[in-house]
Amino acid sequence: MHQTLTPRRATWLNELIAAWGFVQRNYYLTKRYFMWELVWFVYSAANAMSIGFIGVGVERSEAGQDVQRLTTFLLIGALLWSYLSMLFDILSETVSWERWEGTIEYTFMSPASRATHLIGTSIYAVIYGIIRTVIMFALISLFFDLELQGANYTSALVVLAIASISLVGFGMVTAVMPLLSPEKGQQVTMIFGSLLLLISGIYYPVDVLPGWMQAIATISPVTYALEGVRGALLDGENVSTLWPSIWPLLVMGAICVPLGLWVFHLGERYAKRTGRLKRSG
Amino acid sequence: MERDHALELVAVEKRFTRKRGSEVVALAGVSLQVRRGEVVGILGPNGSGKSTLVRVVSTLILPDAGSVRVFGADALRHPRAAQRMMNRVSVEASFFKKLSAWENLMYSAKFYGVTTNEARPRIGDILEGVGFDVKRAHEPMEHLSRGMQQKVALARALLTSPMLMLLDEPTTGLDPRSKKDVQAVIERIRSEHDASILLCTHDMDEAESLCDRVGIMVNGQIVELDEPTALKRRYQKNGRLPNLEEVFMAVTGSSFSDAEERESAEAAA
Ligand SMILES: Nc1ncnc2c1ncn2[C@@H]1O[C@H](COP(=O)(O)OP(=O)(O)OP(=O)(O)O)[C@@H](O)[C@H]1O
Ligand SMILES: [Mg+2]
């Protein structure tokens, strides 16, 4: 069997195969935990819809409030948050999972690079998240009258794609926590995630927040993602008019992904120096 | 540095800091060579540093001092090249328990650049080779016995065609039959796969029957390292050749009186 050695390939090709391995692994996990995925889907859909109904419940007479627009505003927030928060959580979650199962040692001793490890896992989350969000969107549009007549879907997708990169970067930075301590690490990620939920204007415009929260909102990629996607879907804005939301996302992505890789690399070295990776034996 | 060495450690040191700041010396200057195609066993009491040694070689622990080379590649400075050439099986199987053996093997082989098409025919062969009932390859791993999980762990390592195998107590906790099966696989890895092996174990018979040379580790140091028969000869008393367990007891029994006894024993021989 040793004689049938796998052919020697260029490093980049090996990394590509490894990236596919991470995508495949998380796909297998989704498949095996399908019941949980379904439960989580139902929960997220119900959550989004219940928020949508808040919009419907507001009387049209009240201050000339446009109910259809409000409902659409709220639902975009709910759907986008369910997608972006998953991207943010996925690395942290996967790293703590790998630590519980003990497979992290096998991942770390393989020749696959850390960038491949983290990016491969995120790619799966993006694909899975998009499919999930599209299904949820289709389901929700059966129940609500949405104001999407003038929607510019292309520019919404552009904003979403760029926002995905910054969220993955944010996720990389926090994924170092469960690497050092699975339980405490997940707690930190969760607190961080709820802060994003609070300040990013998911169910309300950011300007209703107290000043200091608004200040924090300016460094949350979710804020710009929502602004951009809402502008595209509600007001049919194009990429150039959405530029004020797009450039901060580009900057954050360009900073967070390399920063995340670097922080994770430092965390890995620290874990290897102090012997944190082992479970026992 | 010799290319002929599958593994070469020079003066490797590692200490860990415990919770209240106290230090544990896990490796106190370990030097060791495993030649190409050789099987070297490491015996040693609990906490003597065997697993730390294996983790240092497999790049999971960074040592404080010393060097580690795998087929000439510096595992500390250029881990990628070294990682590609080795794999490890430890006491704990460590899999995603809900995934099947097949799935676990399929994805993890990709980290070593083995594609689905390359892995597919080999997974069957390798599982069969390690005596795993291939019909159960699609069941969740949590349904499998520890012995079967350990066979999948061997298969995971073999699938990446390692030239150096690191085995950390691969048979500990297995029933006698599974133990025999796993030992037979190790025997075959060395004969058919042309791999070099570092085997940590608590099982004297296993060390004796599988290994070309056996090292005995005490307090983070390899205090003896030789062919089993040479070790026994060194510790013979009154002309009687001890078995490996008696050698182990004598070596790990520590203290200076032992060294004195040894000298007198050698003088008598
Ligand atoms: N990650 C770690 N953090 C702190 N101390 C550690 C760590 N790993 C090992 N040690 C300590 O280093 C020493 C050597 O441990 P190691 O696990 O290498 O021994 P071992 O020979 O494999 O023992 P066993 O036969 O029980 O498996 C022990 O005192 C152990 O407590
Ligand atoms: Mg051990």
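Above this text sits the structure in question.
Residues numbered from 1 in each chain as written. Chains lettered and ligands numbered in written order. Predicted model: local features only at pLDDT ≥ 70, side-chain atom pairs only at ≥ 80, totals over all residues. Heavy atoms only, no water.

Student: Describe the overall build of chain B, listing the residues and the values that go with them.
Tutor: Across its full length, chain B holds 10 helices and 10 strands. Rg of the C-alpha trace for chain B: 19 Å, near the compact-globule value of 18 Å for 269 residues, within the 12% margin. Each of the three principal axes of chain B carries a C-alpha extent, and together these read 60 × 40 × 40 Å. Sorting the 269 residues of chain B into buried and exposed places 57% on the buried side. The contacts in chain B between residues at least 6 apart in sequence include a share of 66% that link residues at least 24 apart. Surface exposure of chain B reaches about 11,400 Å², of which carbon and sulfur atoms provide 47%. Of the charged side chains in chain B, 37 are positive and 38 negative; the average position of the first set lies 6 Å away from that of the second. (Helix = DSSP H or I, 4+ residues; strand = E, 2+ residues; numbered from the N terminus. Rg over C-alpha atoms; globule rule 2.2 N^0.38 Å. Buried < 20%, exposed > 50% of the residue type's maximum accessible area, 1.4 Å probe, protein only. Contact = heavy atoms within 4.5 Å. Areas by Shrake-Rupley, 256 points an atom, 1.4 Å probe, with all protein chains shown as cover. Lys, Arg positive; Asp, Glu negative; His and termini not counted. Charge placed at Lys NZ, Arg CZ, Asp CG, Glu CD.)

Student: Mind laying out the overall build of chain A, listing which residues take part and the relevant values?
Tutor: The secondary structure content of chain A amounts to 10 helices and 0 strands. Secondary structure of chain A in N-to-C order comes out as α-α-α-α-α-α-α-α-α-α. Taken over C-alpha atoms, the radius of gyration comes to 21 Å for chain A, in line with the 19 Å a tight globule of 281 residues would show. Across the 281 residues of chain A, 53% fall into the buried class. Within chain A, contacts between residues at least 6 apart in sequence are counted, and of these 79% link residues at least 24 apart.

Student: How would you sum up the site of ligand 1? Please name residues and give values.
Tutor: Taken together, 16 residues are adjacent to ligand 1, and G275(A), G47(B), K50(B), S51(B) and T52(B) come closest. Within the backbone of S48(B), a nitrogen or oxygen atom sits 3.2 Å from an oxygen atom of ligand 1. Here an oxygen atom of ligand 1 and a backbone polar atom of G49(B) are 3.0 Å apart. Because more than half of its atoms lie within 2 Å of the grid, ligand 1 is assigned to the second largest pocket. Counting residues per element, the ones that place at least two in the shell around ligand 1 are β2 (23-35) and α1 (50-57) of chain B. Of the residues that constitute the shell around ligand 1, the class distribution is 4 nonpolar, 8 polar and 4 charged. (Near = heavy atom within 4 Å. Polar contact = N/O pair within 3.5 Å; in protein donor to acceptor, adjacent residues only side chain to side chain. 1 Å grid on protein atoms, 1.4 Å probe; cavity = no way out; pocket = protein on both sides within 12 Å on 5 of 7 lines; lining within 4 Å. Sits in = over half its atoms within 2 Å of the grid points. Nonpolar A, V, L, I, M, F, W, Y, C, P; charged D, E, K, R; others polar.)

Student: Please set out the pattern of salt bridges residue by residue, giving values where relevant.
Tutor: Overall, the coordinates contain 28 salt bridges over all chains when judged by the stated rule. Between K135(B) and D133(B) there is a salt bridge, and its shortest N-O distance comes to 3.8 Å. Here K135(B) falls in the exposed class, since its relative accessible area comes to 72%. For D133(B), a relative accessible area of 33% translates into the label partly exposed. A salt bridge links D181(B) to K151(B), with the shortest nitrogen-to-oxygen separation between them at 3.0 Å. Linking D181(B) in helix α6 (residues 176-192) with K151(B) in helix α5 (residues 146-159), this pair joins segments that are 30 residues apart in sequence. Taking the relative accessible area as the measure of exposure, D181(B) reaches 31% and is therefore partly exposed. The buried category is assigned to K151(B), whose relative accessible area is 7%. Through salt bridges with shared partners, a single network forms among K31(A), R32(A) and E103(B). (Salt bridge = Lys/Arg side-chain N within 4 Å of Asp/Glu carboxyl O.)

Student: Tell me about the environment of E227(A), and name the residues and values.
Tutor: Note that E227(A) resides in helix α9 (residues 221-235). The spacing of E227(A) and D66(A) is 161 residues in sequence and 18 Å in space, taken between C-alpha atoms.

Student: So what's going on with the sheet that holds strand β1 (residues 5-17) of chain B? Residues and values would help.
Tutor: Residue and element names in this part refer to chain B. The 4 strands lie next to each other as β2-β1-β4-β5, forming an open sheet whose pairing is antiparallel. Where the open sheet ends on each side, the last strands, each with one partner, are β2 and β5 (73-74). Bridging between β1 and strand β4 (residues 65-70) involves 5 bridges; their strand directions are antiparallel. Across the sheet, residue E13 finds its bridge partner in β4, namely A65. (Pairing = 2+ DSSP bridges.)

Student: Describe in detail a nonpolar patch on the surface, supporting the description with residues and values.
Tutor: On the surface, a cluster of nonpolar side chains totalling about 800 Å² of accessible area is made up of W243(A), W247(A), L250(A), V251(A), I255(A), L259(A), W262(A) and L266(A). Residue placement: L259(A) occurs in helix α10 (residues 243-274). (Patch = residues over 30% accessible without salt bridge, like charges linked within 9 Å, V, L, I, M, F, W, Y side chains within 5 Å.)

Student: Can you tell me about the interface of chain B and chain A, naming the residues and giving the values?
Tutor: Opposite the 50 residues of chain B that make contact, chain A presents 46 residues. With both sides pooled, the region where chain B packs onto chain A buries about 4,500 Å², and carbon together with sulfur makes up 56% of that total. On the surface where chain B and chain A come into contact, there are 7 salt bridges. For R80(B), the salt bridge is made with E15(A), and the minimal N-O distance between the two is 3.4 Å. Joining chain B to chain A, the criterion identifies 16 residue pairs in polar contact (both at pLDDT 80 or more). (Buried area = accessible area lost by both parts, 1.4 Å probe.)

Student: Quick rundown of the packing of helix α6 (residues 153-180) of chain A against α10(A)? Include the residues and the values.
Tutor: Residues and elements named next belong to chain A. For the pair α6 and α10, the least separation of the axes is 8 Å and the interaxial angle reads 20°. Relative to α10, the element α6 is oriented roughly parallel. Handedness of the α6/α10 crossing: left-handed. Considering only residue class, the contact of α6 with α10 consists of 23 nonpolar, 5 polar and 1 charged. (Axes fitted to C-alpha atoms, helices over the stretch in contact; angles between N-to-C directions. Parallel < 35°, antiparallel > 145°, perpendicular 65-115°, else oblique. Left-handed = near helix turned anticlockwise from the far one by under 90°.)

Student: So what about the environment of K272(A)? Which residues, and what values?
Tutor: Within the secondary structure layout, K272(A) lies in helix α10. Among the residues examined, K272(A) registers a relative accessible area of 9% and is labelled buried. Residues K272(A) and F108(A) lie 164 residues apart in sequence; the distance between their C-alpha atoms is 9.8 Å. Here T59(B) takes part through its backbone oxygen, which lies 3.2 Å from a polar atom of the side chain of K272(A).

Student: Lay out the sheet that holds strand β6 (residues 86-89) of chain B with the relevant residues and their values.
Tutor: Residue and element names in this part refer to chain B. With respect to topology, 6 strands assemble into an open sheet ordered β6-β7-β8-β3-β9-β10, the strand pairing being mixed. Looking along the sheet, the strands with just one partner apiece sit at the ends: β6 and β10 (221-226). The sheet shows a mean angle of 15° between the axes of neighbouring strands, taken without regard to direction. As defined by bridge partners, β6 adjoins strand β7 (residues 164-168) across 4 bridges and the pair is classed as parallel. Paired with R88 across the two strands is L166, which belongs to β7. Of the strands in this sheet, β3 (39-43), β7 and β8 (196-200) are in contact with α6, which crosses β8 at around 155°.

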